[in-house]
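Here's the letter readout for the chains.
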Amino acid sequence: MMSKVVQLPGANNNVHQFFKYQLKMKKTGFGFLAIFLLACSENKEKTADTSTNDKKIYSPDGKKVKVYTTADTANYRLTLTDSALHFAEFGQPKETQICVFVDPDKQFQSYMGVGAALTDASAEVFAKLPKAKQDEVLQAYFDPQKGIGYTIARTNIHSCDFSSASYTYVTDNDKDLKSFSIDHDKQFRIPFIKQCIAAAGGKLTLYASPWSPPGWMKDNNDMLHGGKLKPDYYQSWANYYTKFIKAYEQEGIPIWGITVQNEPMATQRWESCIYSAEEERDFLKNFLGPTMEKEGLGSRKIIIWDHNRDLLFQRASTLLDDPAAAKYAWGIGFHWYENWSGGTHMFENVKRVNEAYPDKPLLFTEGCAENFNPARYKAWALGEKYGLNMINDFNNGMTGFTDWNILLDEQGGPNHVQNFCFAPVHGNTKTGELIYTNAYYYIGHFSKFIKPGAKRIASAASRSQLLTTAFLNEDGTVAVIVMNQGDIKSPFYCWIKGKAVEATALPHSIMTLVF
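Residues numbered from 1 in each chain as written. Predicted model: local features only at pLDDT ≥ 70, side-chain atom pairs only at ≥ 80, totals over all residues. Heavy atoms only, no water.

(A) Broad picture of the overall build of the protein chain. For the protein chain, the count of helices and strands is 12 helices and 23 strands. Looking at the protein chain as a whole, 57% of its 515 residues qualify as buried. Once local pairs closer than 6 in sequence are excluded, the contacts in the protein chain between residues at least 24 apart make up 72%. About 21,900 Å² of surface is accessible on the protein chain, with carbon and sulfur atoms providing 52% of the total. (Helix = DSSP H or I, 4+ residues; strand = E, 2+ residues; numbered from the N terminus. Buried < 20%, exposed > 50% of the residue type's maximum accessible area, 1.4 Å probe, protein only. Contact = heavy atoms within 4.5 Å. Areas by Shrake-Rupley, 256 points an atom, 1.4 Å probe, with all protein chains shown as cover.)

(B) Region of the structure containing the confidence of the model for the protein chain. Of all residues in the protein chain, 89% attain a pLDDT of 70 or more, and the chain-wide mean is 91. Throughout residues 1–53 the model reports pLDDT below 50, and contacts reaching past four residues in sequence, or to other chains, amount to 34 contacts. (pLDDT = per-residue confidence, 0-100.)

(C) View of the packing of aromatic side chains. Counted under the stated rule, the structure contains 44 aromatic pairs. Ring geometry for Phe-372 versus Phe-422: centroids 5.0 Å apart, planes at 55°, classification tilted. Within this pair, whereas Phe-372 is found in the loop between strand 13 (362–366) and helix 11 (380–395), its partner Phe-422 is found in the loop between strand 15 (408–409) and strand 16 (425–427), the two being separated by 50 residues in sequence. Take Phe-372: its relative accessible area is 16%, and that puts it in the buried class. Here the aromatic residues Tyr-167, Tyr-169, Phe-180, Tyr-234, Trp-237, Tyr-240, Tyr-241, Phe-244, Tyr-248, Tyr-275, Phe-283 and Phe-287 are joined through ring pairs into a cluster of three or more. Geometry around Tyr-233 places Lys-175 over its ring, the cationic atom sitting 5.5 Å from the centre. (Phe/Tyr/Trp six-rings, centres within 6.5 Å; stacked < 30°, edge-to-face > 60°. Lys NZ or Arg CZ within 6 Å of the ring centre and 35° of its normal.)

(D) Up close: the pairing of strand 13. Within strand 13, 5 of the 5 residues are buried, which leaves it mostly tucked inside the rest of the structure. Viewed along the sheet, the connection from strand 12 (residues 331–335) through helix 10 (residues 347–356) into strand 13 turns out right-handed. (Right-handed = clockwise from strand over helix to strand, strands pointing away.)

(E) Highlighting the sheet that holds strand 11 (residues 301–308). The strand order around the closed barrel formed by 8 strands is 7-8-9-10-11-12-13-14, and the pairing between neighbours is parallel. Strand-to-strand twist across the sheet, computed as the mean angle between neighbouring axes with direction ignored, equals 25°. Where strand 9 (residues 205–210) lies against strand 10 (residues 257–259), 2 bridges are found, and the strand directions are parallel. Opposite Tyr-207, over in strand 10, you have Gly-257 as the bridge partner. Its contacts with the sheet place helix 7 (residues 277–294) against strand 10 and strand 11, and it is angled at close to 150° to strand 11. (Pairing = 2+ DSSP bridges. Axes fitted to C-alpha atoms, helices over the stretch in contact; angles between N-to-C directions.)

(F) Quick look at the side chain of His-445. Relative to the assigned elements, His-445 resides in helix 12 (residues 438–447). Residue classification places His-445 among the buried positions, given a relative accessible area of 0%. Excluding its chain neighbours within four sequence positions, the residues that come into contact with His-445 are Tyr-68, Thr-69, Thr-70, Leu-78, Ile-481, Ile-510, Met-511 and Thr-512.

(G) Just the sheet that holds strand 20 (residues 478–484), in detail. On the basis of which strands lie adjacent, the open sheet formed by 10 strands has the order 4-3-23-20-19-18-6-21-22-5 and mixed pairing. Both edges of this open sheet fall to strand 4 (76–86) and strand 5 (88–89), since each of them pairs with a single strand only. Direction of pairing for strand 20 relative to strand 23 (residues 509–514): antiparallel, over a ladder of 6 bridges. Note on strand 23: the bridge partner recorded for Val-480 is Leu-513. Sitting on the sheet, helix 11 touches strand 3 (64–71), strand 4, strand 6 (99–110), strand 18 (455–461), strand 19 (466–472) and strand 20, and the angle it makes with strand 19 is about 55°. Where helix 12 meets the sheet, it contacts strand 3, strand 4, strand 19, strand 20 and strand 23, and its direction lies at approximately 25° from that of strand 23.

(H) Here's a closer look at helix 3 (residues 120–128). Counting buried residues in helix 3 gives 7 out of 9 residues, a clear majority hidden from the surface. Regarding helix 3, the residues found buried are Asp-120, Ala-121, Ser-122, Ala-123, Glu-124, Val-125 and Phe-126.

(I) Structural view of the pairing of strand 22 (residues 499–505). In terms of residue burial, strand 22 counts as a mostly covered element, since 5 of its 7 residues are buried. In this sheet, strand 22 lies alongside strand 5 in antiparallel orientation, the contact comprising 2 bridges. Its bridge partner being in strand 22, Ala-88 is matched across the sheet by Ala-500. Hairpin connection from strand 21 (residues 490–496) to strand 22: 2 residues lie between these consecutive antiparallel strands, with Lys-497 at a positive phi of about 50°.

(J) Unusual backbone geometry, seen in detail. The peptide bond linking Gly-413 to Pro-414 adopts the cis configuration, its omega dihedral lying at 5°. Summarising the element assignment, Pro-414 is placed in the loop between strand 15 and strand 16. The phi dihedral of His-225 is positive, around 65°, even though this residue is not glycine. With respect to the helices, strands and loops of the structure, His-225 is situated in the loop between strand 9 and helix 6 (234–250).

(K) Representation of the pattern of salt bridges within the structure. For the structure on display, the rule yields 26 salt bridges. Asp-120 serves as the salt-bridge partner of Arg-189, at 2.9 Å between the closest nitrogen and oxygen. Taken together, the residues span a long stretch of sequence, with Arg-189 in helix 5 (residues 189–199) and Asp-120 in helix 3 at a distance of 69 residues. Asp-120 carries the same exposure label as Arg-189, and that label is buried. Where Glu-136 meets Lys-133, a salt bridge forms, and the shortest distance between an N and an O atom there is 3.4 Å. (Salt bridge = Lys/Arg side-chain N within 4 Å of Asp/Glu carboxyl O.)

Next up, the structure:
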């Protein structure tokens, strides 16, 4: 990499004014003092200009490119397929030459990381696997060299649908939460989370989400089927989050943040609770935010929305246009299920929120392939769903990605309302076998090569069959992800500042170029 000192124009703009001022000051007998003071001031200004305007210019010269590929038409699964490509002079591409244009000097949002949810279901499946397979799961997900290097995790505050049954941490009608206890989680979930943290090198950005308050706090007297939190219990429920955080941290599990409510506009047959945008805003600014601060947890992040892209802008604007609420909101969480009605994914809504509120990070908090069917374990569409969503969301401003269950069983559960889904890895609790779906490898093309703290950089393809995003890591390495969603092989050039390296995107493949 080359660096060049750039001095701002106008560094000597003071010269003319200086002489005028000198003459004036001489008339009053202070000319010498003025000369001295102004010279010192100008010298300081020049020094500041020089020190604050260094600009690094990226060059691909001498870079050796490694290419990792996952492809439907070849037995490639995060496979190193090229290891010694070099950039060569290229100049102006022709229209017939497919290119992916990359500019590391055009930088955007910081990258937080990639991970998944450590649910009750995942923990229970993990506990039923043989020790060797448990070790394999931990290595496959969290080891940055031998696995795909997850750095983020989400967990549930008491039960969700991916629990074997509904439960809470308090006895009924205990408004003061005197009976609060996380003993339930000590059997499976807490030991599992601790092993995940250890496998991640002792640090994992973990946040927690509630699916519903206890039924007796709600107007439908039911943890399931929607309903709303009764105003009389706003303070008790706010206290519940802080008790959860403190209890988990007492067990040695740091909690980085919380979301206000999982899917606050969905009435589900499982744990769910409805908040309008105004209700979430008021609960955040009048109860949850102040309570977190009062309990010494003001440094923990609070994520709003935690639902689909469809209503993302309306929810963000309602909360973030209120300064009293916005000051407590670290960022906005979102899911990918808005196409349930037959439409397509609303990627543009992520962009609109990022444009309107650039200081608030956008974190993907949940997504999975629904409608589990073991006959589809090898369906290539599972992986392509992740590639499509992750590339588009990163390009529109997403800072990090959290998959849904990190591990499920041979039935897509356990789930106490039979809402069975896919996970990237399934553990057969009868045979001890691990089944890796293509989603695991597609996610790995991001999580393995992009490191927390990286900056997204400009990346654009010249043909629609190729999707791309790219990042510059803090160590100076670049990761360019290219996904071919088409049926034909696509040779292309990765082009940077008039130099290029040639590669080939196989049909229905994803690849990461690292240099």
